[in-house]
Amino acid sequence: MKTLLVGYRAQDLFERGRRGKTSTAAWVDGDVTCHTLDIYHRHAIEKAHHVKAVCSAHLPEGPWDVVKFKTGPKLMSGELALDLLQEIHLLKPRRFELDYEGRERDRNDLLAKIKDDPARVRDFSAKWKASVPGIAPLEFTSVPGCFCHRRRDEGGLALAEVVSRELRGKGPLRLLDMGCGCGLVGFLVAAAVPGVSLVMVDSHARAVEAANMNARNFGVEAEVILADGGTPARMDGTFDVFAGNPPYYSDYRIAEIFLETARRALKPGGVCYTVVKNEAGLKPVQDRYFPSTEVLHRRGYAVLKSVRAASAE
Ligand SMILES: C[S@@+](CC[C@H](N)C(=O)[O-])C[C@H]1O[C@@H](n2cnc3c(N)ncnc32)[C@H](O)[C@@H]1O
């Protein structure tokens, strides 16, 4: 019996033993594949379980005997839940189970939305515009799950504005946009600064999908990489500029992965820019990776600028 798990994290598949040891839960038995949208979750599952894990922007083709979907308002946006539910519906599994973390009423609402009109396939992508001074607005495409869907992020925009202002007239340059989401920062900078070549990295398969769509729509050549540990070693020391708008939900753990990547990826003399709402927490962290950090304020955000030392640290 082939089972596909959707929306599950590594901790959902564990059972804690008496001696504090963990093993794969009994219900995760047989030929089980666990789908993840973020490569970080795929790695976490692979590390701890004997369960196949795949990371992709869309659900893997079946045939599936059973599809189990874990969702709820605290786990993902309602639009992403609906989008995944629609994909499951189109896979036509022999059995479907919804593992809903939330109110019964919301669970029924979600199911009703897909049952209303099973023949209708909804397109959940969105188009919205963003620009920096000196360029015509770019029309971005986003999809549920990628950052930011349906709107630009003000922190990302502040970062794009500062970086493009600082780089104007300085091309050709090689820019690494880490945690690119749908590509807001990288594509705006590339439009404002002639001669910028782009590499983009994100751990989320839907972000990579959206960044690739935007590269095609804008006619920009960009290498877009799905990774949770930065750029490949072959790219070490090859970038002039690093730009990152890291998530801050895990304290500064992810910001540190970004800064570690920046330090490795930049050439000596290369410049690292990050953005945060309030610099008090991030500045001491960034100071550990670079000799010094300057703070540039924009749109109520702080852009933190550091230069990699000219000689090897
Ligand atoms: C705050 S969003 C910024 C998106 C975009 N740069 C912007 O400013 O609109 C942070 C992004 O970092 C990505 N991310 C989180 N952890 C990551 C990691 N370890 N490696 C690469 N990207 C990561 C998330 O998937 C998300 O797209």
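Rules used throughout
- Residues numbered from 1 in each chain as written.
- Predicted model: local features only at pLDDT ≥ 70, side-chain atom pairs only at ≥ 80, totals over all residues.
- Domains from an automatic or database assignment.
- Contact = placed C-beta atoms within 7 Å.
- Nonpolar A, V, L, I, M, F, W, Y, C, P; charged D, E, K, R; others polar.
- Pairing = 2+ DSSP bridges.
- Helix = DSSP H or I, 4+ residues; strand = E, 2+ residues; numbered from the N terminus.
- Axes fitted to C-alpha atoms, helices over the stretch in contact; angles between N-to-C directions.
- Near = placed C-beta within 6 Å.
- Buried ≥ 20, exposed ≤ 12 C-beta atoms within 10 Å, placed from the backbone.
- Parallel < 35°, antiparallel > 145°, perpendicular 65-115°, else oblique.
- Left-handed = near helix turned anticlockwise from the far one by under 90°.
- Right-handed = clockwise from strand over helix to strand, strands pointing away.
- Core = buried A, V, L, I, M, F, W, Y, C linked by C-beta atoms within 7 Å.

Enquirer: Is there a simple way to think about the domain arrangement of the protein chain in this case?
Expert: Where interface size is given, it is often the accessible area lost as the parts come together that is meant. Along its sequence, the protein chain is organised into domain 1 (2–116) and domain 2 (126–307). Just the C-alpha atoms count here: the centres of domain 1 and domain 2 sit 31 Å apart. Facing the twelve residues of domain 1 at the interface are ten residues of domain 2. Residue composition of the side of domain 1 that touches domain 2, grouped by class: six nonpolar, three polar and three charged.

Enquirer: Quick question: what am I supposed to make of the sheet that holds strand E1 (residues 2–6) here?
Expert: Through backbone hydrogen bonds, the strands of a sheet pair up, either in parallel or in antiparallel fashion. Taking strand neighbours across the sheet as the criterion, the five strands line up as E5-E4-E1-E6-E7 in an open arrangement whose pairing is parallel. Every other strand in the sheet has two partners, leaving strand E5 (52–55) and strand E7 (95–100) as the edge strands with one partner each. Each adjacent strand pair in this sheet contributes to an overall mean axis angle of 20 degrees, direction not counted. Where helix H1 (residues 39–48) meets the sheet, its contacts fall on strand E4 (31–36) and E5, and the angle it forms with E5 comes to roughly 170 degrees.

Enquirer: Would you take a moment to explain the site of the ligand for this structure?
Expert: Around the ligand, the surrounding shell holds 22 residues, and the nearest of these are Gly156, Gly179, Gly181, His204 and Asn245. Sorting the residues of the shell around the ligand by element identifies helix H5 (184–192), strand E11 (196–202) and helix H7 (253–265) as the ones contributing at least two each. Here the residues of the shell around the ligand are counted per class, giving 13 nonpolar, six polar and three charged.

Enquirer: Help me out: how do you make sense of H5 in this one?
Expert: The α-helix advances 3.6 residues per turn, and as a result positions three or four apart in sequence lie on the same side. Of all nine residues making up H5, nine are buried, and the element is well covered by its neighbours. Buried residues of H5: Leu184, Val185, Gly186, Phe187, Leu188, Val189, Ala190, Ala191 and Ala192, and no others.

Enquirer: What am I meant to see in the packing of H7 against helix H8 (residues 279–289) here?
Expert: The angle between the axes and the distance between the axes are what describe a pair of packed helices. Closest axis-to-axis distance for the H7/H8 pair is 10 Å, and the angle between their directions is 30 degrees. One way to sum up the angle between H7 and H8 is to call them roughly parallel. Remark: the crossing between H7 and H8 carries right-handed chirality. Where H7 abuts H8, its residues Ala255, Glu256, Leu259, Glu260 and Arg263 lie against Leu282, Val285, Gln286 and Tyr289. Per-class residue counts for the contact of H7 with H8 are five nonpolar, one polar and three charged.

Enquirer: What's the story with the pairing of strand E9 (residues 138–142) in this structure? I'm lost.
Expert: A one-sided burial pattern is seen for E9, the buried positions being Leu138, Phe140 and Ser142 and the unburied ones Glu139 and Thr141. Relative to E9, strand E8 (residues 126–130) is paired through five bridges, and the arrangement is antiparallel. Note that in E9 the partner of alanine 130 across the bridge is leucine 138.

Enquirer: How should the pairing of strand E13 (residues 239–244) be read in this particular structure?
Expert: Along a regular strand, successive side chains alternate from one face of the sheet to the other. Among the six residues that make up E13, five are buried, leaving the element largely enclosed by the rest of the structure. Taken together, the five bridges between E13 and strand E14 (residues 266–276) define a ladder with parallel strand orientation. Following the sheet pairing, glycine 244 is matched in E14 by threonine 274. The parallel pair E13 and E14, bridged by H7, forms a crossover whose chirality is right-handed.

Enquirer: Got a minute to help me understand the nonpolar core in this structure?
Expert: For soluble globular proteins, the rule of thumb is that nonpolar side chains tend to be buried together. Ranked by internal contacts, the top residues of the largest apolar core, which has 66 residues, are Leu159, Leu188, Val189 and Phe242. Per-element accounting of this core gives the leading share, eight residues, to H5. Inspection of this core shows a minimum of three residues originating in each of domain 1 (2–116) and domain 2 (126–307). Residues within four places of leucine 159 in sequence aside, it is in contact with Val185, Ala243, Asn245, Tyr273, Val275 and Val303. Listed in part, the 21 residues of the second largest apolar core include Val6, Ala10, Val28 and Leu84.

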